[in-house]
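# Descriptive analysis of the structure
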Amino acid sequence: MTAANPLLALDYLPALESLGDDYYDVVSAAEFPQHRLRFRNDDLVRRLGLDPAAVSDGDFIEAFGKFQGREPFLALRYHGYQFGEYNPFLGDGRGFLYGQVRGIDGTLYDFGTKGSGTTPYSRGGDGRLTLKGGVREVLAAEALHALGVNTSRAFSLVETGEALWRGDEPSPTRSSVLVRFSQSHIRFGTFERLEYHNRPDLIAKLLEHVIDVYYPEARLFTDAQERYLHFYGELCDRVARLAAQWMSVGFCHGVLNTDNMSITGESFDYGPYAFMDGYDPRFTAAYFDYAGRYSYGNQPLICQMNLKALQKPLKLIMPEAELETALEPFKDRYETYYRQRMLQKLGFEQLDADLATALVNQTIDLLSAVQVGYHDFFFALTEQFSPRWREQAGDIFSTTLQASDSAAAAQLEPWRQIYHRCLQSLKAEQMEQVAALLKGTNPQTVLLRPEIEAVWEPITTEDNWQPFYDLLDKIQHPFGQIGQT
Ligand code: AMP
Ligand code: MG
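Note that this is a predicted model, so its numbers are computed, not measured.

A word on the site of ligand 1. Among the 17 residues in the neighbourhood of ligand 1, the closest are listed as G91, G93, R123, G127 and D269. One of the side-chain N or O atoms of D269 is found 2.9 Å from an oxygen atom in ligand 1. A total of 480 Å² of accessible area belongs to ligand 1 in isolation, and the protein chains cover 79% of it. At a threshold of 2 Å from the grid points, most atoms of ligand 1 map onto the largest pocket. Of the residues assigned to the shell around ligand 1, the class counts are two nonpolar, seven polar and eight charged. Inspection of the shell around ligand 1 shows a minimum of three residues originating in each of domain 1 (17-185) and domain 2 (201-338).

Turning next to the pairing of strand 10 (residues 173-182). Most of strand 10 sits inside the fold, with nine of its ten residues counted as buried. In this sheet, strand 10 lies alongside strand 8 (residues 129-130) in antiparallel orientation, the contact comprising two bridges. Bridge pairing in strand 10 places T130 opposite S175.

To continue, consider the domain arrangement of the protein chain. We note that the domain assignment places domain 1 (17-185), domain 2 (201-338), domain 3 (348-439) and domain 4 (450-485) within the protein chain. Taking the mean C-alpha position of each, domain 3 and domain 4 sit 31 Å from one another.

Turning to the pattern of salt bridges, a few remarks are in order. All chains considered together, the criterion is met by 31 salt bridges. Among the salt bridges present, the one from R227 reaches E208, with a minimum N-O distance of 2.7 Å. With a gap of 19 residues between them, R227 in helix 6 (residues 224-248) and E208 in helix 5 (residues 200-214) connect regions that are remote in the sequence. Exposure remark for R227: the relative accessible area of 9% places this residue in the buried category. Each member of the salt-bridge network shares a partner with another, and the members are R38, E159, R174 and D463.

This next bit is on the coordination of the magnesium ion (ligand 2). Those donors, N260 (OD1) and D269 (OD), are the protein atoms that reach the magnesium ion (ligand 2), and they lie 1.9 to 2.2 Å from it. You can call D269 buried: its relative accessible area is 19%.

With that settled, the discussion passes to the packing of aromatic side chains. Tallied over the full model, the rule gives 43 aromatic pairs. Ring centres of Y81 and Y86 lie 5.0 Å apart, and the angle between their planes is 70°; this geometry places the pair in the edge-to-face category. For the pair Y279 and Y296, a centre-to-centre distance of 6.0 Å together with 85° between the ring planes defines the contact as edge-to-face. Of this pair, Y279 sits in the loop between strand 12 (274-275) and helix 7 (299-314) while Y296 sits in the loop between strand 12 and helix 7; the two residues are 17 residues apart in sequence, bridging distant segments of the chain. We classify Y279 as buried; its relative accessible area is 17%. Chaining the aromatic ring pairs together yields one cluster made of Y12, F60, F64, F67, F73, F96, Y98, Y109, F111, F155 and F181. A cation over a ring is seen here: R70 above Y12, with NZ or CZ 4.2 Å from the ring centre.

A volume near 1,400 Å³ is recorded for the largest pocket. In this structure, the largest pocket is lined by 50 residues; those nearest its centre are R94, K114, D269, G271 and P272. Where the lining of the largest pocket is concerned, the elements lending two or more residues are strand 7 (108-114), strand 8, helix 3 (131-146) and helix 16 (449-462). Residue assignment places the lining of the largest pocket across two domains, with domain 1 (17-185) and domain 2 (201-338) each supplying three or more.

The residue M342 is located in helix 9 (residues 330-345) in this model. Judged by relative accessible area, which is 1%, M342 ranks as buried. Sequence spacing of M342 and I302 is 40 residues, and the spatial spacing of their C-alpha atoms is 20 Å. In contact with M342, not counting residues within four places along its chain, are S248, V360, I364, Y374 and F378.

As a packed pair, helix 10 (residues 353-369) and helix 14 (residues 406-424) sit with axes 10 Å apart at the nearest point and diverge in direction by 155°. Taken together, the axes of helix 10 and helix 14 are roughly antiparallel relative to one another. With respect to the hand of their crossing, helix 10 and helix 14 are arranged in left-handed fashion. Between helix 10, through L355, A358, L359, Q362, T363, L366 and A369, and helix 14, the contact on the second element is made entirely by Q411, L412, P414, W415, I418, Y419, R421 and C422. Looking at the contact of helix 10 with helix 14, its residues break down into eleven nonpolar, three polar and one charged.

Criteria and thresholds
- Residues numbered from 1 in each chain as written.
- Chains lettered and ligands numbered in written order.
- Predicted model: local features only at pLDDT ≥ 70, side-chain atom pairs only at ≥ 80, totals over all residues.
- Heavy atoms only, no water.
- Near = heavy atom within 4 Å.
- Polar contact = N/O pair within 3.5 Å; in protein donor to acceptor, adjacent residues only side chain to side chain.
- Areas by Shrake-Rupley, 256 points an atom, 1.4 Å probe, with all protein chains shown as cover.
- 1 Å grid on protein atoms, 1.4 Å probe; cavity = no way out; pocket = protein on both sides within 12 Å on 5 of 7 lines; lining within 4 Å.
- Sits in = over half its atoms within 2 Å of the grid points.
- Nonpolar A, V, L, I, M, F, W, Y, C, P; charged D, E, K, R; others polar.
- Domains from an automatic or database assignment.
- Buried < 20%, exposed > 50% of the residue type's maximum accessible area, 1.4 Å probe, protein only.
- Helix = DSSP H or I, 4+ residues; strand = E, 2+ residues; numbered from the N terminus.
- Pairing = 2+ DSSP bridges.
- Salt bridge = Lys/Arg side-chain N within 4 Å of Asp/Glu carboxyl O.
- Donors = N, O, S within 2.8 Å, 3.2 Å for Na, K, Ca; no water.
- Phe/Tyr/Trp six-rings, centres within 6.5 Å; stacked < 30°, edge-to-face > 60°.
- Lys NZ or Arg CZ within 6 Å of the ring centre and 35° of its normal.
- Points joined across faces, edges and corners; volume = space filled by probe spheres on them.
- Contact = heavy atoms within 4.5 Å.
- Axes fitted to C-alpha atoms, helices over the stretch in contact; angles between N-to-C directions.
- Parallel < 35°, antiparallel > 145°, perpendicular 65-115°, else oblique.
- Left-handed = near helix turned anticlockwise from the far one by under 90°.

Structural data, given as structure tokens:
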């Protein structure tokens, strides 16, 4: 049975394991009373070169519910700044690195668990993941991926039949184990821990590994200092791009501690996240984020601060001044990436730079001033857009204008003028491209909190999973296309 399981027969590579046990502890998985496969990601199965039809639900359960047929499992060691305070007691407390495999795209991927039992880092916690937490992470990752955010995905979710007690869910609540599929689970906090123990040797060794696997182009630099600097500059750029992706899709991660920042610049770990409804920079996702530290609008700044925090460990092996210089362009890079993504949401691939900046700024001003949902606005733009808008400014959002009050109409007027100028800067025959870009950028269904609660309700009351699968299907095809993931 084991030998026939295609998930177990994958070519697992000991990339991280071969670095030695300074970076992890070998752990085992908990035994669960039940195993019900609630989600399997066939898109990712294909990415591993497997035919989904050849992988049974039983194969998933054997590998990613019972955790049979493979070892060792590695609980990674890390620290991190949590809400600004250094915490040296972190580490994989309810998960481990299950294994590493290469996709058919050539990328090395990590299978990492969440909710697989206690480890030396559980700190009195139960090592478990609630079913609702698992469902929420599956949804977040699939939604973000479909919206073009560089994110980890969920590979599988198995319900495990235990009763859990949590302060933030009606309890007892159901349990699950999630297998996450990501580029890497090496975090900023993995390096911070090594600085805490004053181990520049281990920092350099880990960094060379990170460069080899995730920044291979840096190998062109034979000089180690140049290589490290290339890595850090590229990481800053990737994080700026990620922040712009979150911001443009209206996503608030919620817990941007340095242990939740991937060294590859990929988004991961979806706990109390939320997509915002109305545009609001102060919107917070985590109920325990009293000061709004990780609010929607703070995310770019927090990312920059986390990159700054990473300088502390890197400083042990390279000059601080160069790190600082490499971080300097962050804000400009972020703004450029953000403007580009927002322009696309407005239907433009390219505009004159000043016009582009003015349009994006005025759009944000409008969204701040009027009572309209962030996603509703862009979806209405997509639905109502007409090539006539280029000829007649008065036609722009004319139906919306009639329907809304005069204060909103007054707010809309200057926006309408600039949108008209932008359209006029294009040729008439380009209006089709505008319409297509609007359609291909602005989702029909957004994973707002009420959407999640609406699918959780039937699961919890009558074990009806259909609404969850229906929502999953919609968020996996946010622009209406079918059968494409
Ligand atoms: P997170 O908020 O998921 O990023 O986790 C922060 C830290 O708390 C990590 O070290 C986790 O492994 C740990 N942790 C979170 N929940 C649990 C739990 N239920 N049992 C043990 N450790 C946990
Ligand atoms: Mg975490």
